[in-house]
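# Descriptive analysis of the structure
The residues making up each chain are set out below.
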Amino acid sequence: VLRYLGKYMLMMDSLKPIAFDVLVSMAQLFEYYMHAVYVFFASTSVETTNPRLAQLLHKIQNTIILSDEPNPDGVNIPPPIASDFIELHNPQNLFGLKERLIATESLVFLGAQFDLWKDYLDQQIPEDKLNFLNQFYNQTLPLSRELRSAVYSGVASKAMSYGAILTLMGNVRWDIKELMSEPNSYVYVMLQEMEAMQQKMSGVSGHVPIPVDVYKMIWSLCIQEINKVFLEGFGAAKKCTHEG
């Protein structure tokens, strides 16, 4: 994708009269790649969690992607097709974390390159067309980075045996009279699951580096899942003493 964007920029420099048309094509190429990452790797809908991102993805779907009823004003590019070699349901590879990293961080990298090109692109297109460029920089690029959460939640939501932890919490007696000297069994299981998660992430990082902010995001998403388990588990307790 970056190579094609470079060719577009050379074309823009050589053919000034169609510079704006070339810019539109560059934006569409970026949006098509963004759409592909979402379709292939996002495991959760962004309709409720990120309405602005959902609106942008709908716009890309309607204006760029070919559908059963082609849009006469759209580009109508065939939808992307994922390779059969991508495994997103295997817990041993953390549900395709390596592939998710390559796809998503490549999108973030492309966005960073556009940031570097901003001054150059400003000079290449007519002044009356700058609104299009500003909208791309103010909306599309920032929202593309927010796609990370939807992609990596597909790992965090399945990385640990949350159901087993919840079942163990359901077997705990919360109406005890004395404090226990050791934690309940669900705590040990949770710590084991977290340790196994860390080992798998270390294995992935041996093949594909995991950026620090992505590493923190994945663990943050895992903690959110654990908090949901705690809320449901503690909420199901019928009797509870202060010691419990």
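Everything here concerns the structure above.
Quick look at the structure, then.

The rules behind each value
Residues numbered from 1 in each chain as written. Predicted model: local features only at pLDDT ≥ 70, side-chain atom pairs only at ≥ 80, totals over all residues. Heavy atoms only, no water. Helix = DSSP H or I, 4+ residues; strand = E, 2+ residues; numbered from the N terminus. Rg over C-alpha atoms; globule rule 2.2 N^0.38 Å. Areas by Shrake-Rupley, 256 points an atom, 1.4 Å probe, with all protein chains shown as cover. Expected span 1.5 Å × (residues − 1). Buried < 20%, exposed > 50% of the residue type's maximum accessible area, 1.4 Å probe, protein only. Arc of directions from axis to C-beta. Contact = heavy atoms within 4.5 Å. Salt bridge = Lys/Arg side-chain N within 4 Å of Asp/Glu carboxyl O.

### Structural notes on the overall build of the chain
Looking only at helices and strands, the chain has 9 helices and 0 strands in total. Listed N to C, the secondary structure of the chain is α-α-α-α-α-α-α-α-α in terms of helices and strands. Taking 244 residues into account, the globule formula puts the C-alpha radius of gyration at 18 Å, and the chain, at 23 Å, lies well above it. Each principal axis of the C-alpha atoms in the chain carries an extent, and together these give about 80 × 35 × 35 Å. Element-wise, carbon and sulfur atoms account for 56% of the exposed surface of the chain, whose accessible area totals about 14,400 Å².

### Regarding helix α8 (residues 185-205)
Helix length check: α8, at 21 residues, gives a terminal C-alpha distance of 30 Å against a target of 30 Å (1.5 Å per residue), a fit within 8%. Every buried residue belonging to α8 is among Y186, M190, E193, M197, M201 and V204, and all of these are buried. Buried residues of α8, seen end-on, are gathered within an arc of 75° and therefore sit on one face of the element. Residues of α8 that are exposed and point more than 90 degrees away from the buried face comprise Q192 and Q199. Next to the buried residues of α8 lie α4 (97-124), α6 (147-156), α7 (162-170) and α9 (212-235).

### So, α9
Over its 24 residues, α9 extends 34 Å from the first C-alpha to the last, a length consistent with the 34 Å expected when each residue adds 1.5 Å. Among the residues of α9, V214, I218, W219, L221, C222, I226, V229 and G233 are the ones counted as buried.

### Brief notes about the pattern of salt bridges
Per the counting criterion, the structure on display carries 7 salt bridges. Taking the shortest distance from any N to any O, the salt bridge between R148 and D213 comes out at 3.0 Å. Of this pair, R148 sits in helix α6 while D213 sits in helix α9; the two residues are 65 residues apart in sequence, bridging distant segments of the chain. Residue E225 is joined to K228 by a salt bridge in which the shortest nitrogen-to-oxygen separation is 3.6 Å. In this pair, E225 and K228 are both assigned in helix α9, 3 residues apart and thus about one turn of the helix distant. Each of E105, R148 and D213 takes part in one network of salt bridges that share partners.

Bear in mind that shape data such as this cannot, by itself, settle questions of function.
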